[in-house]
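In case you want the letters, here they are:
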Amino acid sequence: MPRRYEKKNVFDAAIDRMTELYEEGHRIVVSFSAGKDSGVCLEICLIAANLTGRLPVEVVMRDEEIMFPGTFEYAERVAARPDVSFHWLIANQPVVNVFNREMPYFWTFDPLLDPEQWVRRPPEYAQYIPEKYIQGICYPGRFPPPEGKDLFCVIGLRAAESIQRSLGVFSSKGHLTNKDSWGTRRVRPIYDWSDGDVWKAIADNKWDYNHAYDTMNRLGVPRQNLRIAPPTLTAAGAETLNMAMRAWPKWFDKVNKRLPGVRTVAMYGRRALEPIRRMGETWEACFRRTCIEDAPAWIADRARQVMERHLKEHARHSTEPFPQNTACAKCGMLNSWKMMANVMYMGDPFSMKYDRLPPVEPEFFRPGSGTWGGGKPTF
């Protein structure tokens, strides 16, 4: 669909979007990550709620335990605000540690560990919840809406961040989504903002924000990489771990003790997370060696499934061998042995890069720890 340009600026448009929902009487909960986008969404909602007499603004956050210093300090400042009703949740859910092939999960505030082994302790007012999947944070069972109204979860998604997010906005034809299978609708008030819009709003209005961004910026992290998320969630975290090791050495030592393998990646970067092809070795041989023969059993099993599926699908439309590193235009995402090796080397336990395999259930690595319950395990 074509872009539609409005005469109002993005700041006013975001306030109008939220004001309309508050006036309609829906229950609105801000999904807060302590990042810049969710922080701006909160401030937009505070303005709209004040205009419509709907203060305090409800905010929900799931504590991930390990985030850059400054993140949870910012969250605590937000929770202390009188115009905010803050729900601080702890799910003890697994989070991916892509830096460890043998055990790719760690459990937030792991109840099997001595609390002294945690990177930090949660606030006393935090609430423990049983849901491990991401949709369990904000759904009608936890935040029931008024009769005849909807529950809207406010998220800081912006189309400028990736083509996938842009396409998602276009497919839903705007800032609102339909109800998901849990009965929650989502609203994206700043979907049309750029990075510059976000930082301009923070500066012009003197809003509070996560000061981890300041440290990252001083140490040379490019603006497009200034993101707040669990640093072990994806291989992209390797790019900022060396910075974190220099910026927050005491915090980094705690993380390294909690999660073996972090220091190696901080020193060697993404290369420590990728298959290394030997001299004279084909990418097929590299894949079979690094992802099946020499890989942990759970990775080998998933890699074998992917290999068999793609070789079969490739044979349906071509008599040529599956390509080594030149992509086959008809084979989808994993369209060469090189791509397959790079994606499956770490096993992709959350199925973030290859969604045709189900995520690995927590039960697989720790019996008794439950399952994802049909929801998505992402951050």
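This is a predicted model, so every value here is computed, not measured.

Engineer: Which parts of the structure should I look at to understand the nonpolar core?
Structural biologist: Soluble globular proteins tend to bury their nonpolar side chains together. Counting 103 residues, the largest nonpolar core has Met18, Phe32, Phe86 and Phe287 as its most contacted members. Looking at this core, the element that brings in the most residues is helix α2 (residues 36–52), giving eight residues. In contact with methionine 18, other than residues within four places in its own chain, are Ile28, Ile44, Cys45, Ala48, Val154, Val187 and Pro189. Counting ten residues, the second largest nonpolar core, distinct from the first, contains Val29, Ile129, Cys138 and Phe143.

Engineer: In this structure, what is going on with the sheet that holds strand β1 (residues 27–31)? I would like to understand it.
Structural biologist: Backbone hydrogen bonds are what pair the strands of a sheet, in a parallel or an antiparallel way. Taken in spatial order, the six strands line up as β6-β3-β2-β1-β7-β8 in an open sheet, and their pairing is parallel. What marks the edges here is a single partner per strand, and that holds for β6 (127–128) and β8 (184–187). Packed on one face of the sheet, helix α3 (residues 71–79) meets β2 (57–62) and β3 (84–90) and runs near 140° to β3.

Engineer: Explanation requested: the side chain of histidine 26 in the structure shown.
Structural biologist: Here histidine 26 is to be found in the loop between α1 (10–23) and β1. Only 3.1 Å separates the side chain of histidine 26 from the backbone nitrogen of aspartate 150, close enough to count as a polar contact. In this structure, histidine 26 is in contact with Leu21, Arg54, Lys149, Asp150 and Phe152, ignoring residues within four places of it in sequence.

Engineer: Can you walk me through the packing of α1 against α2 in this structure?
Structural biologist: Two measures define how a pair of helices packs: the angle their axes make with one another and the distance between the axes. It is at 8 Å that the axes of α1 and α2 come closest, and there the two elements cross at 50°. When the axis of α1 is compared with that of α2, the two are oblique. α1 and α2 meet at a crossing whose hand is right-handed. Residues Phe11, Ala14, Ile15, Met18, Thr19, Tyr22 and Glu23 of α1 form the contact with α2, whose own contacting residues are Ile44, Cys45, Ile47, Ala48, Ala49, Leu51 and Thr52. Each residue belonging to the contact of α1 with α2 can be placed in one class, and the counts come to eleven nonpolar, two polar and one charged.

Engineer: How do you make sense of unusual backbone geometry when you look at a structure like this?
Structural biologist: Note on backbone geometry: most residues besides glycine have negative phi, and most peptide bonds are trans. Each neighbour pair has its own omega, and for leucine 55 with proline 56 the value is 0°, a cis peptide bond. For proline 56, the position within the fold is in the loop between α2 and β2. With a phi close to 50°, asparagine 92 is a non-glycine residue in the positive phi region. Positive phi outside glycine occurs at phenylalanine 109, with the angle close to 45°. Relative to the helices and strands, phenylalanine 109 resides in the loop between β5 (105–107) and β6.

Reading the values: rules and limits
- Residues numbered from 1 in each chain as written.
- Predicted model: local features only at pLDDT ≥ 70, side-chain atom pairs only at ≥ 80, totals over all residues.
- Heavy atoms only, no water.
- Core = buried A, V, L, I, M, F, W, Y, C linked by side-chain atoms within 4.5 Å.
- Buried < 20%, exposed > 50% of the residue type's maximum accessible area, 1.4 Å probe, protein only.
- Helix = DSSP H or I, 4+ residues; strand = E, 2+ residues; numbered from the N terminus.
- Contact = heavy atoms within 4.5 Å.
- Pairing = 2+ DSSP bridges.
- Axes fitted to C-alpha atoms, helices over the stretch in contact; angles between N-to-C directions.
- Polar contact = N/O pair within 3.5 Å; in protein donor to acceptor, adjacent residues only side chain to side chain.
- Parallel < 35°, antiparallel > 145°, perpendicular 65-115°, else oblique.
- Left-handed = near helix turned anticlockwise from the far one by under 90°.
- Nonpolar A, V, L, I, M, F, W, Y, C, P; charged D, E, K, R; others polar.

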